[in-house]
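Listed below are the residues making up each chain.
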Amino acid sequence: MNAPPTAAAGARAADRRTSRVNDFAIKIATVNGTGSASANGMLMQAIFRMGVPISGKNVFPSNIQGLPTWYEIRVNGDGHTARTPIFDIFIAMNPQTYAKDLETVAENGWFLYDSTWPFDPELLSGRPDVTPLGIPLAKLCQENFKGSRTRILLKNIAYVGALVALLDLDMEVVEGMLNEKFAKKAHLLEANRVALKLGGDYAREHFACPLPIRVESLDKTSDHIMIDGNTAAGLGCVFAGATVAAWYPITPSTSLVDGFTKFAERYRTNEDGTRNVIIMQAEDELSAAGMTIGAGWAGARSFTSTSGAGISLMNEFLGLAYYAEIPSVFFNIMRTGPSTGMPTRTQQGDIFSTAYASHGDTAHICIYPADPGECFTMSADAFDLAERYQTPVFVVSDLDIGMNDWMVPRFSWDDDYVPDRGKVLSADELETMEAFYRYLDVDGDEIPYRTLPGVHPKGAYFTRGSGHDKYGRYTEDSVLYQEVVDRLKRKVNSSGTTSPQPIIERQEGAQFSIVTIGGCDRAVREAIAHWNEEGVAVDFMRVRAFPFSPAVEEFLREHDDNYIVEQNRDGQLHRMLLLETDIEKKPITSVTSYNGLPLSAHHVRSGIERKRA
Amino acid sequence: MSYIKKPVARHPALPKNAIGLTVRDYEGSLSTLCAGCGHDSTTAAIVQAFWSLGIEPHTAVKLSGIGCSSKTPTYFLGEAHGFNSVHGRMPSVATGANAANQDLTYIGISGDGDSLSIGLGQFCHAIRRNVNLAYICENNGVYGLTKGQFSASADVGSKSKKGETNEARPIDPVMLAITLGATFVARGFSGDKGQLVPILEAALRHKGFAFVDVISPCVAFNDHKGSTKSYMYTRENYTQVTEADLVPLRREIIAKQVAHEATTVKLHDGSVVTLRCPEGDYDATDRGAAFKHLSELKERGEVATGLLYVEESDSDMHSMNRTAPGDLVAPDWDLLCPGNDRLQSLMAEFR
Ligand SMILES: Cc1ncc(C[n+]2csc(CCOP(=O)(O)OP(=O)(O)O)c2C)c(N)n1
Ligand code: SF4
Ligand SMILES: [Mg+2]
């Protein structure tokens, strides 16, 4: 599990006994398939609606029913919403994991369990600081509800009720949510109300409510939404004008196409029921890649969504799309590898395998969203880049971003946005042309013109993955072959100045810099905030695209001490920075986390402090 | 090997089709295949079929996998977009292209290696999806391009050029396609253009997946004694189960006399395919009966040819998807992007 808290974290824990408003973490342990997800979601939503920043992380097994699963909720009035590895209050609904769960309870924390069944006091012998909170949840539900399924579901609502009392949640907000949720199901509304009250009343009668950890309304979320990155990316693809989607189910990418399908059904359906979209569930990822490429070649904005194993299968096609210059968008929602790995855990392990996918000399444009907000905006960026540069583009997200609910600013859309469809010749343009050559760099910008099937006889050309010259003709001539692959390299590299630029934040008198990527953003920022509290200034850069912008190398060069923070074993970003820039090895140090869990500020600090010691 | 442009020597007397083009307008660059290769005859039949249907060349899309057979799209329809993709994966690329633009005529060229080994999965799933595509498998029982290894269609007992005997059971693409529910299944022989051209015409007109297996001998590696995909063997064991004739809608007035006992199948665009059985009582519109009859012929070592099964309906991949008419390349932006107002009302659902 997690490394023990550092001295600094320990010091912060020391004042946990005193009242800590809007700064604590909850972890709920259940068994999957027991319907706890909606109860946990309700808890999150209530706190969010009270205006208090929050985040939720689902730590779930690769299984459908009967295995341990956890849900982590972090409440932080300052807006730090990265994962935290220690939990002030544990809702222990799974006796199988009691012992393990206790290990992650914060000093002087609380351990809420179901006292319907005997609880071995020995369990707490090593943790006298922890306060047990026993509530006979199953018994209460047994006495008040009929039917085993109902009882199991409402037990979840009963612990939410207890937390409403213990954490001092606004009952009006919770009531409002129930009314919305069960607007059309009066009998369920009543049952849920009763369950909430059962848990709440028991807590108030038996414990001093509220606990020192509690929630107080703020006004810090009214401009925000709670959304997961896959839903956001699916929505982004609808707004970006994607019309063809091909996919093969794989956790954690499936919900992206689910989101796209849902929004396409809503926004792309004509009055007569026909749709301005086609969504194809392929027989495997090879086929999904082929469909995406075929559609991109024929001129549509097309994409596929997958995870590492799928990317491995798509490799042959990726080389074809690179060499034949076919716009196509690939979402890679990374999970823990290698092989099947831990399919329901997060990692940034495919930074290499996307950037250099396929045999031969290749390099692909990759963009790296940090949160669901960027999943939304980068969807449009991806299609623009793919069509402008006529090449596959990866949106490299991960399970944590893709499947967890994140608090992000409300999305907005610029209605003046015009999709960049790239250099595509129209029938009129072709009509007046002497001759068209597919791979000829007419404008001197490394990007040739392309034509679409069905438009004009003069636009016809033969697309092939075999050797071709700049006119698009088959060749086995060394010089003619090289001319094309050299241009391809320059073309893809030139995207570095127009793809999403790195986010750089400099602080006066910075002692070192942190360079990071994707979903590490929030944990790194929080770590920097803690250093700042201690008077240590730190510069920050988050890389957002490959090939790297020139600004990336400049930033690295400015610092004598760059720590590259990422979530994989081998320091893939670190190595790529060494490979792809002229920076020497010495001022760059790798700091990694690859336990499958979202990164925490604690991990960033301890990792960097260890290297600096 | 390099790109050789065919010299255009137009013969003034060449007949013109309905849109005023001659057969030359449907040709591509000069073939680089071995002289006598069956694939070249198939190419000529494809040229003929497109010409006689009067399809504007640039409204056709030709795709292929990898193999000698898959090279052939360069040799026909020089004015159409072509895509020589990767080995065994033409069906997915064709599916994607067709998904993007359903208004064009799609022809996919594959080989027995490309379709029945590396690409077997994609072949089956394109059938299942009923992609509107004429899929031609130029079947020679070997991997031509990699120099003569047995393919999955090689018959038991068939001898390779090196003298090895194949013992593994063959996959018969025709039986497979019928079993999988393909809506159009035919077999021709590259050496019999008279039969092949109308089959190809009907395949191009058919809505949905039209499969045409063409026995197309490889003179370099599989045209010797002992090979069941040789010119000689095919000619000797060739059984024409149906004689097909396509009567496109526009040419109805010159429709030939329909022979006695002929079955006519109306295609979605109104054209009519006429099927005659030279002998026996083959019913190409009854899947079960067709399967049974073909199995019996197969037992006897006969190569059943003709339009073997056809089921005409208006459905294909796009009707299953409820795709709006027209292409999905550049529909009106307002139909695609919901805009900020709708986004803002959606945001309320995420609070
Ligand atoms: C992934 C991959 N594996 C292997 C090959 C090598 N290869 C090229 S063509 C071919 C066989 C083609 O056989 P078939 O489809 O029957 O075509 P034919 O040459 O007989 O017309 C093979 C194995 C390849 N191109 N790609
Ligand atoms: S090797 Fe065989 S299949 Fe290939 S071109 Fe020669 S004859 Fe045709
Ligand atoms: Mg072959």
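To keep things clear, this report deals only with the structure shown in the data block. Worth saying up front: this structure is predicted, and the values here are computed from it rather than measured.

Let's shift gears to the overall build of chain B. If you tally the helices and strands in chain B, you get twelve helices and 13 strands. For a compact globule of 351 residues, the expected C-alpha radius of gyration is about 20 Å, and chain B comes in at 21 Å, within 12% of that figure. Its C-alpha atoms put chain B at 75 × 50 × 50 Å along the principal axes. Evaluated residue by residue, chain B yields a buried proportion of 57% over its 351 residues.

This part takes up the environment of Ala240(A). Following the sequence through the fold, Ala240(A) ends up in the loop between helix H8 (229-239) and strand S10 (244-247). Placed 140 residues apart in sequence, Ala240(A) and Ala380(A) show a C-alpha to C-alpha distance of 4.7 Å. Ignoring any residue separated from it by four or fewer positions in sequence, one finds Ala240(A) in contact with Arg301(A), Ser379(A), Ala380(A), Phe383(A), Trp413(A) and Trp333(B).

Further remarks concern the packing of helix H10 (residues 285-297) of chain A against helix H3 (residues 90-100) of chain B. Taken N-terminus to C-terminus, the directions of H10(A) and H3(B) make an angle of 45°; their axes are 6 Å apart at the nearest point. With respect to their mutual orientation, H10(A) and H3(B) come out oblique. Two packed elements cross with a definite hand, and for H10(A) against H3(B) that hand is right-handed. Of H3(B), the residues touching H10(A) (which contributes Leu286(A), Ser287(A), Gly290(A), Met291(A), Gly294(A), Ala295(A) and Trp297(A)) are Ser92(B), Val93(B), Thr95(B), Gly96(B), Ala97(B) and Ala100(B).

With that out of the way, let us pick up the site of ligand 2. Leu33(B), Cys34(B), Cys37(B), His39(B), Cys68(B), Asn140(B), Cys218(B), Val219(B), Ala220(B) and Phe221(B) make up every residue found near ligand 2. Tallied by class, residues from the shell around ligand 2 come to eight nonpolar, two polar and no charged.

Here we take up the sheet that holds strand S10 (residues 243-247) of chain B. Residue and element names in this part refer to chain B. Taking strand neighbours across the sheet as the criterion, the three strands line up as S10-S12-S11 in an open arrangement whose pairing is antiparallel. What marks the edges here is a single partner per strand, and that holds for S10 and strand S11 (263-266). Between one strand axis and the next, the sheet turns by 20° as a mean value, whatever way the strands run. By the bridge criterion, five bridges tie S10 to strand S12 (residues 272-276) in an arrangement that is antiparallel. Residue pairing in the sheet places Val 247 in a bridge with Val 272 of S12. Strands S10 and S12 of the sheet are contacted by helix H7 (residues 193-205), whose axis makes an angle of about 50° with S10.

Further remarks concern the sheet that holds strand S19 (residues 512-517) of chain A. All names here are of chain A. Ordered by their spatial adjacency, five strands build an open sheet running S18-S20-S19-S22-S23, and the pairing between neighbours is mixed. Since the sheet does not close on itself, it has two edges, and those belong to strand S18 (503-505) and strand S23 (588-592), each with one partner. Taken over all neighbouring pairs, the strand axes of this sheet differ in orientation by 20° on average, direction set aside. The pairing of S19 with strand S20 (residues 538-543) spans six bridges and is classified as parallel. Of the residues in S20, the one forming a bridge with Phe 512 is Val 538. Where helix H17 (residues 521-533) meets the sheet, it contacts S18, S19, S20 and strand S22 (562-566), and its direction lies at approximately 175° from that of S20. The sheet contacts of helix H19 (residues 572-580) involve S19, S22 and S23, and relative to S22 the element is tilted by about 135°.

Further remarks concern the pairing of strand S3 (residues 54-59) of chain A. Residues and elements named next belong to chain A. Counting buried residues in S3 gives five out of six residues, a clear majority hidden from the surface. With six bridges connecting them, S3 and strand S4 (residues 68-76) associate as antiparallel partners. Each residue of the ladder has a partner; that of Ser 55, found in S4, is Arg 74.

Another aspect to go through is the packing of aromatic side chains. Under the criterion given, the structure shown has 32 aromatic pairs over all chains. An angle of 80° between the planes, with centres 5.7 Å apart, marks the rings of Phe303(A) and Phe331(A) as edge-to-face. With Phe303(A) in strand S12 (residues 302-306) and Phe331(A) in strand S13 (residues 328-334), the pair connects residues that are 28 residues apart, well separated along the chain. Classification of Phe303(A) by relative accessible area gives buried; the value is 0%. Owing to a relative accessible area of 1%, Phe331(A) belongs among the buried residues under this scheme. Counting every residue linked through ring pairs, the aromatic cluster contains Phe239(A), Phe376(A), Phe411(A), Trp413(A), Tyr417(A) and Trp333(B). Stacked on the ring of Tyr449(A), the Lys or Arg Lys423(A) has its end atom at 4.7 Å from the ring centre.

Listed per partner, the contact involves 76 residues of chain A and 59 residues of chain B. Across the interface of chain A and chain B, roughly 5,600 Å² is buried in total on both sides, 63% from carbon and sulfur atoms. The largest per-residue losses of area from chain A upon contact with chain B belong to Tyr267(A), Glu283(A) and Phe462(A), which jointly make up 12% of the total buried on that side. With its nearest N and O atoms 3.0 Å apart, the salt bridge here joins Arg266(A) to Glu349(B). Our count for the chain A to chain B interface comes out at 27 residue pairs in polar contact (both at pLDDT 80 or more). Breaking the side of chain A that touches chain B down by element, the ones donating at least two residues are helix H2 (36-49), strand S9 (224-228), H8, helix H9 (254-267), strand S11 (278-281), H10, helix H11 (308-324) and strand S17 (462-464) of chain A. For the side of chain A that touches chain B, the element with the highest residue contribution is H10(A), accounting for eight residues.

Counted residue by residue, H3(B) has eleven buried out of eleven residues, so it is predominantly covered. Residues of H3(B) that are buried include every one of Met90(B), Pro91(B), Ser92(B), Val93(B), Ala94(B), Thr95(B), Gly96(B), Ala97(B), Asn98(B), Ala99(B) and Ala100(B), and no others.

Further remarks concern the layout of surface pockets. Residues and elements named next belong to chain A. Within this model, the largest pocket holds a volume of roughly 1,300 Å³. Residue lining of the largest pocket: 46 residues in total, with Ala 37, Ser 38, Asn 58, Met 403 and Asp 405 positioned closest to the centre. Examining the composition of the lining of the largest pocket, we find that nine residues originate from one element, H2, more than from any other. Looking at which domains feed residues into the lining of the largest pocket, each of domain 1 (7-214) and domain 2 (227-409) gives three or more.

Residue and element names in this part refer to chain B. What surrounds ligand 1 is a group of 18 residues, the closest being Ser 69, Asp 112, Gly 113, Asp 114 and Gly 144. Within the side chain of Asp 112, an N or O atom sits 2.8 Å from an oxygen atom of ligand 1. Take Asn 140: an N or O atom from its side chain is 3.1 Å from an oxygen atom of ligand 1. Burial of ligand 1 by the protein chains amounts to 77% of its free accessible area of 590 Å². Of all elements in the fold, only helix H2 (68-71), helix H4 (112-116) and strand S5 (142-143) reach the threshold of two or more residues within the shell around ligand 1. For the shell around ligand 1, the element with the highest residue contribution is H4, accounting for three residues. For the shell around ligand 1, a count of residues per class yields six nonpolar, nine polar and three charged.

Residues and elements named next belong to chain B. Note on the magnesium ion (ligand 3): its protein donors are Asp 112 (OD), Asn 140 (OD1) and Val 142 (O). The metal-donor distances range over 2.1 Å. Taken in sequence order, the residues that donate to the magnesium ion (ligand 3) follow the motif D-x27-N-x1-V. Comparing Asn 140 with Val 142 shows no difference in burial state: the two are buried.

Conventions used here
- Residues numbered from 1 in each chain as written.
- Chains lettered and ligands numbered in written order.
- Predicted model: local features only at pLDDT ≥ 70, side-chain atom pairs only at ≥ 80, totals over all residues.
- Heavy atoms only, no water.
- Helix = DSSP H or I, 4+ residues; strand = E, 2+ residues; numbered from the N terminus.
- Rg over C-alpha atoms; globule rule 2.2 N^0.38 Å.
- Buried < 20%, exposed > 50% of the residue type's maximum accessible area, 1.4 Å probe, protein only.
- Contact = heavy atoms within 4.5 Å.
- Axes fitted to C-alpha atoms, helices over the stretch in contact; angles between N-to-C directions.
- Parallel < 35°, antiparallel > 145°, perpendicular 65-115°, else oblique.
- Left-handed = near helix turned anticlockwise from the far one by under 90°.
- Near = heavy atom within 4 Å.
- Nonpolar A, V, L, I, M, F, W, Y, C, P; charged D, E, K, R; others polar.
- Pairing = 2+ DSSP bridges.
- Phe/Tyr/Trp six-rings, centres within 6.5 Å; stacked < 30°, edge-to-face > 60°.
- Lys NZ or Arg CZ within 6 Å of the ring centre and 35° of its normal.
- Buried area = accessible area lost by both parts, 1.4 Å probe.
- Salt bridge = Lys/Arg side-chain N within 4 Å of Asp/Glu carboxyl O.
- Polar contact = N/O pair within 3.5 Å; in protein donor to acceptor, adjacent residues only side chain to side chain.
- 1 Å grid on protein atoms, 1.4 Å probe; cavity = no way out; pocket = protein on both sides within 12 Å on 5 of 7 lines; lining within 4 Å.
- Points joined across faces, edges and corners; volume = space filled by probe spheres on them.
- Domains from an automatic or database assignment.
- Areas by Shrake-Rupley, 256 points an atom, 1.4 Å probe, with all protein chains shown as cover.
- Donors = N, O, S within 2.8 Å, 3.2 Å for Na, K, Ca; no water.

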